[in-house]
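An overview of the molecular structure
Listed below are the residues making up each chain.
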Amino acid sequence: MDPISMIIMMVAMSLLSMLLAPTPDIEDAKKGGMDEFGFPTNMENRSIPLAFGTNRLTGPNLIWYGDLRARPVHEDVGGWFKTKIVTTAWKYYVGFDLALCAGPIDEISRVQI
């Protein structure tokens, strides 16, 4: 058999195997709700820090959280000819209000969570 016919046969067999390959059965990721996240809470006996000069505040009081939005992350699963769009993960966005400290604040230079 000459080399050109071998290459043609190899390409044809590769295409045939891709056409006949089963599509993976992957389940979509489930979306979570607010009850599946752990948020710190504010407590009555917690002291309110006073800020003078430049400070690093650790553990601010969380006074409100909500406004949960979820965006699905999709991925194409399969080969060249048969593809299936599957939700592989979710990106969550949430709003919250933090009580940092008492006293006048000129600037918040960095927030690290």
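Nothing here was measured: the structure is a model prediction, and the numbers come from that model.

1. Remarks on the environment of L50
- Tracing the backbone through its elements, the reader meets L50 in the loop between α1 (3-20) and β1 (61-78).
- A C-alpha to C-alpha distance of 9.1 Å links L50 and L100, two positions 50 residues apart in sequence.

2. Concerning the environment of K82
- Position of K82 relative to the elements: it lies in the loop between β1 and β2 (83-99).
- Measuring from C-alpha to C-alpha, the distance between K82 and P22 comes to 8.5 Å, with 60 residues separating the pair along the chain.

3. Some details on a nonpolar patch on the surface
- Taken together, the side chains of M1, M6, I7, M9, V11, M13, L15, L16, L19, L20 and F81 define a hydrophobic patch exposed on the protein surface, amounting to about 1100 Å² of accessible area.
- Its place among the elements puts M13 in helix α1.
- Residue class for M13 comes out exposed when judged on its relative accessible area of 52%.

4. Some words on unusual backbone geometry
- Located in the positive-phi region is D67, a residue other than glycine, with phi close to 55 degrees.
- For D67, the position within the fold is in strand β1.

Basis of the calculations
Residues numbered from 1 in each chain as written. Predicted model: local features only at pLDDT ≥ 70, side-chain atom pairs only at ≥ 80, totals over all residues. Heavy atoms only, no water. Helix = DSSP H or I, 4+ residues; strand = E, 2+ residues; numbered from the N terminus. Patch = residues over 30% accessible without salt bridge, like charges linked within 9 Å, V, L, I, M, F, W, Y side chains within 5 Å. Areas by Shrake-Rupley, 256 points an atom, 1.4 Å probe, with all protein chains shown as cover. Salt bridge = Lys/Arg side-chain N within 4 Å of Asp/Glu carboxyl O. Buried < 20%, exposed > 50% of the residue type's maximum accessible area, 1.4 Å probe, protein only.

Honestly, it's all geometry; don't read function into it.
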